[in-house]
Amino acid sequence: MEQTLVIIKPDAVNRALVGEVIKRFENKGLQIKAMKMHMLQPYALKDHYAHLKEKGFFEELVKYMSSIPSILMVLKGKEAIKVVRTMVGPTQGRDALPGTIRGDYSVSNQSNVVHASENKKAAKAEIERLFSKEEIFDYRKMNFDWIYSKDEKYIEKGGK
Ligand code: TYD
């Protein structure tokens, strides 16, 4: 099983889309392992978006992301990183297909509703940066047996 970080961004909080976004991830079958409202700080955002620091929009991006609190979540599931990125859609909301979160709720590249970790390395670093161990919960979801097949659960127990 993989874990991934999702940020429900300031535009989504302002536009009252928080419930809608969380509902989509829950409906898909992803497990919420951690969730909190958090004021992202510029120093943390500079690490989070380090790959964009040379871009002209970087300072504006940091300002926007630290303007009001965001909702932070750790989601768990098989191939959760890919599953969540597919649900989120491409960066530019105007290019994102209907059915994706950005495709349904965004027409912008900055105000694009959600952030989702890009790969395993980023997911690990982002989760460690923004959550303490005590904020992440291990529990077996009641509907787990109805979300994955038997062979997939075998994999969960250490099989190939
Ligand atoms: P990036 O990591 O390239 O995309 P994604 O969020 O899809 O993984 O960019 C991070 C954020 O930077 C993006 O969600 C919004 C912002 N951004 C802009 O504000 N302007 C831009 O032109 C781009 C490409 C991104």
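Placed above this text is the structure.
Definitions and cut-offs
- Residues numbered from 1 in each chain as written.
- Predicted model: local features only at pLDDT ≥ 70, side-chain atom pairs only at ≥ 80, totals over all residues.
- Heavy atoms only, no water.
- 1 Å grid on protein atoms, 1.4 Å probe; cavity = no way out; pocket = protein on both sides within 12 Å on 5 of 7 lines; lining within 4 Å.
- Points joined across faces, edges and corners; volume = space filled by probe spheres on them.
- Nonpolar A, V, L, I, M, F, W, Y, C, P; charged D, E, K, R; others polar.
- Phe/Tyr/Trp six-rings, centres within 6.5 Å; stacked < 30°, edge-to-face > 60°.
- Buried < 20%, exposed > 50% of the residue type's maximum accessible area, 1.4 Å probe, protein only.
- Lys NZ or Arg CZ within 6 Å of the ring centre and 35° of its normal.
- Near = heavy atom within 4 Å.
- Polar contact = N/O pair within 3.5 Å; in protein donor to acceptor, adjacent residues only side chain to side chain.
- Areas by Shrake-Rupley, 256 points an atom, 1.4 Å probe, with all protein chains shown as cover.
- Sits in = over half its atoms within 2 Å of the grid points.

A. Region of interest: empty space enclosed by the protein. Taken as a whole, this structure holds one cavity of 30 Å³ or more when the rule is applied. In this structure, the largest cavity occupies an estimated 50 Å³ of space. Looking at the largest cavity, the residues that line it are Met-1, Gly-29, Gln-31, Lys-76, Gly-77, Lys-141, Phe-144, Ile-147 and Tyr-148. Considering only residue class, the lining of the largest cavity consists of four nonpolar, three polar and two charged.

B. Here's a closer look at the packing of aromatic side chains. For the structure shown, the criterion picks out one aromatic pair. Residues Phe-144 and Tyr-148 carry aromatic rings whose centres are separated by 5.8 Å and whose planes lie at 55° to one another, so their mutual orientation is tilted. Side by side, Phe-144 and Tyr-148 carry an identical accessibility label, which is buried. The side chain of Lys-36 reaches across the aromatic face of Phe-131, ending 4.5 Å from its centre.

C. Molecular detail of the site of the ligand. Taken together, Lys-9, Tyr-49, His-51, Leu-52, Phe-57, Leu-61, Arg-85, Thr-91, Arg-102, Asn-109, Gln-110 and Asn-112 make up the full set of residues near the ligand. With respect to the ligand, the side chain of His-51 contributes an N or O atom lying 2.9 Å from an oxygen atom. Protein chains bury 81% of the 510 Å² of accessible surface belonging to the ligand in isolation. According to the grid-proximity analysis, the pocket containing the ligand is the largest pocket. Of the residues belonging to the shell around the ligand, the class tally is four nonpolar, five polar and three charged.

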